[in-house]
Amino acid sequence: MRISRRQSRRLFLKKMKKAIILVNAYTQSDTELHQPNRLKEELQLLGIQTEICRNDFFPAYVAGDCLATRLEDVDFCVYLDKDPYYSQILEGCGVRLFNCARAVFDCDDKMQTNIRLAAAGIPVVKTFSSPLCYTQTSAVNEGALDVLERELSYPIVVKECFGSLGKGVYLAENREQLSAYAEKFKLKPHVYQQFIAESAGVDVRVIAIGGEALVAMKRSSKTSDFRSNIELGGRGESYPLDDEIRALCGKISRTLSLDYCGIDLLFTKDGYAVCEVNSNAFFGGIEKITGVNVAKAYAEYINQTIYGGGK
Ligand SMILES: Nc1ncnc2c1ncn2[C@@H]1O[C@H](COP(=O)(O)OP(=O)(O)O)[C@@H](O)[C@H]1O
Ligand SMILES: [Mg+2]
């Protein structure tokens, strides 16, 4: 059977693998760009034509009674932003996102993550979400602080729900500090959490891909800071993946429908407890420390999921 030039071009186009990596419009720093650049390299090595785009070309929108997208010709989108609007519209238009909109949404907000995990029987830290306050002039209720003191006892961890890199995590050592944090953050979603003394200054960061733990590192603060984030000067070292970590990270990934994530685990006297789950975890640091090529593993997982593997 003869095929026309037009048909053959269509067949050729059909075979071409095409993807987009969507990043936040204000992404600028080398640290932020490392992630998309490395993923692009690894996807291209698998024969997937990949473009990195900032999301300020308005890739998706609503109009009339429709969801609309400008990404009609891609096979999938690696979604490295946390914007819940674009992700929902893109999925509504049939674009496969890595990670999916729901997963990014659930991980972005630390209280939301805790609720989803605890409801699935996954150990989290005792956490109270602050009542929402809508007016700057409203006073913090002293009775509410009494409850927190009774339930958690000092020191108490105070966290902004939408923080990262350790920047929105604080320790209140006494009533005066607790009261000051409550006042400072009353207009922002935040939580009060039990301080896990056994894990002061140390935790474990695990990267999981496709529901399987790939690599882990132990992070240790080099100062008196209880936060172990590398970005705050914490030091990382390889950490073995044991059965408990594998099972826990598998369950977390499945519960939150995550293709890729970085999971922070705290050491408690009863085993690990989840500190937080990052849907867009940077992998540059852990790659350097462990020698594991996370970008390659993620690209291969995506290639397998979308195309069944191969080039
Ligand atoms: N409840 C806690 N008890 C002890 N240490 C904690 C607790 N919560 C957080 N930390 C420490 O603070 C760090 C940052 O907290 P995390 O919730 O992961 O916020 P971020 O998103 O900013 O990394 C953790 O990696 C851990 O070292
Ligand atoms: Mg963290």
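Residues numbered from 1 in each chain as written. Chains lettered and ligands numbered in written order. Predicted model: local features only at pLDDT ≥ 70, side-chain atom pairs only at ≥ 80, totals over all residues. Heavy atoms only, no water.

A. Fine view of the overall build of the chain. Scanning the chain from N- to C-terminus turns up 10 helices and 15 strands. In terms of C-alpha radius of gyration, the chain reaches 22 Å, essentially the compact-globule figure of 19 Å for 311 residues. Over its C-alpha atoms, taken along the principal directions, the chain stretches across nearly 80 × 50 × 35 Å. Residue pairs at least 24 apart in sequence account for 66% of intrachain contacts in the chain once pairs closer than 6 positions are excluded. By element, 51% of the accessible surface of the chain is carried by carbon and sulfur atoms, the whole surface being about 16,100 Å². Positive and negative side-chain charges of the chain, numbering 39 and 39 respectively, have mean locations separated by a distance of 8 Å. (Helix = DSSP H or I, 4+ residues; strand = E, 2+ residues; numbered from the N terminus. Rg over C-alpha atoms; globule rule 2.2 N^0.38 Å. Contact = heavy atoms within 4.5 Å. Areas by Shrake-Rupley, 256 points an atom, 1.4 Å probe, with all protein chains shown as cover. Lys, Arg positive; Asp, Glu negative; His and termini not counted. Charge placed at Lys NZ, Arg CZ, Asp CG, Glu CD.)

B. Summary view of the environment of Glu-32. On the secondary structure map, Glu-32 appears in helix H2 (residues 30-45). Judged by its relative accessible area of 32%, Glu-32 falls in the partly exposed class. Spatially, the C-alpha atoms of Glu-32 and Leu-80 are 9.7 Å apart, while their sequence positions differ by 48 residues. If we ignore the near neighbours within four places in the chain, the residues touching Glu-32 are Tyr-26, Thr-27 and Phe-282. (Buried < 20%, exposed > 50% of the residue type's maximum accessible area, 1.4 Å probe, protein only.)

C. Just the pairing of strand E4 (residues 66-69), in detail. For strand E3 (residues 60-63) and E4, the ladder comprises four bridges, and the chain directions are antiparallel. Paired with Ala-60 across the bridge in E4 is Thr-69. In this structure, the hairpin formed by E3 and E4 is closed by a connection of two residues, where Gly-64 is found at a positive phi of approximately 60 degrees. (Pairing = 2+ DSSP bridges.)

D. Summary view of the coordination of the magnesium ion (ligand 2). With distances of 1.9 to 2.1 Å, the protein atoms coordinating the magnesium ion (ligand 2) are Asp-264 (OD) and Glu-276 (OE). Taken together, the positions of Asp-264 in strand E14 (residues 260-268) and Glu-276 in strand E15 (residues 271-278) put the pair 12 residues apart, joining distant regions of the chain. When sorted by exposure, Asp-264 lands in the same class as Glu-276, which is buried. (Donors = N, O, S within 2.8 Å, 3.2 Å for Na, K, Ca; no water.)

E. Structural detail: the nonpolar core. Residues Leu-39, Leu-43, Phe-76, Val-78, Ile-207, Tyr-260 and Val-294 are the most contacted members of the largest nonpolar core, which totals 25 residues. If you list the elements that add at least two residues to this core, you get strand E1 (17-23), H2, strand E5 (76-79), strand E11 (202-209), strand E12 (212-220) and helix H10 (294-307). Per element, the largest residue contribution to this core is six residues, and it comes from H10. Taken domain by domain, the makeup of this core includes at least three residues from each of domain 1 (5-98 + 303-307) and domain 2 (105-124 + 198-280). Residues contacting Val-294, with those up to four places away along its chain left out, are Ile-207, Ile-209, Leu-214, Val-215, Tyr-260, Phe-283, Ile-286 and Glu-287. Residues Ala-208, Ile-252, Leu-258 and Val-277 belong to the second largest nonpolar core, which totals 23 residues. (Core = buried A, V, L, I, M, F, W, Y, C linked by side-chain atoms within 4.5 Å. Domains from an automatic or database assignment.)

F. Region of interest: the pattern of salt bridges. Enumeration over the complete set of coordinates arrives at 20 salt bridges. A salt bridge links Glu-183 to Lys-186; the shortest N-O distance between them is 3.0 Å. Relative accessible area serves as the criterion here: at 35%, Glu-183 is assigned to the partly exposed category. Members of the salt-bridge network, linked through shared partners, are Glu-142, Asp-146, Glu-149 and Arg-175. (Salt bridge = Lys/Arg side-chain N within 4 Å of Asp/Glu carboxyl O.)

G. Here's a closer look at the domain arrangement of the chain. In terms of domains, the chain is made up of domain 1 (5-98 + 303-307), domain 2 (105-124 + 198-280) and domain 3 (127-195). If you average the C-alpha positions of domain 2 and of domain 3, the two centres end up 22 Å apart. Taken together, the contact between domain 2 and domain 3 spans 12 residues of the former and 16 residues of the latter. With both sides pooled, the region where domain 2 packs onto domain 3 buries about 1,200 Å², and carbon together with sulfur makes up 65% of that total. It is Lys-110, Met-111 and Phe-226 in domain 2 that bury the most area against domain 3; as a group they hold 45% of the surface buried on that side. Put simply, domain 2 and domain 3 have zero salt bridges between them. Counting every contact that joins domain 2 to domain 3 gives four residue pairs in polar contact (both at pLDDT 80 or more). Sorting elements by how many residues they give to the side of domain 2 that touches domain 3 places helix H5 (residues 110-119) first, with three residues. (Buried area = accessible area lost by both parts, 1.4 Å probe. Polar contact = N/O pair within 3.5 Å; in protein donor to acceptor, adjacent residues only side chain to side chain.)

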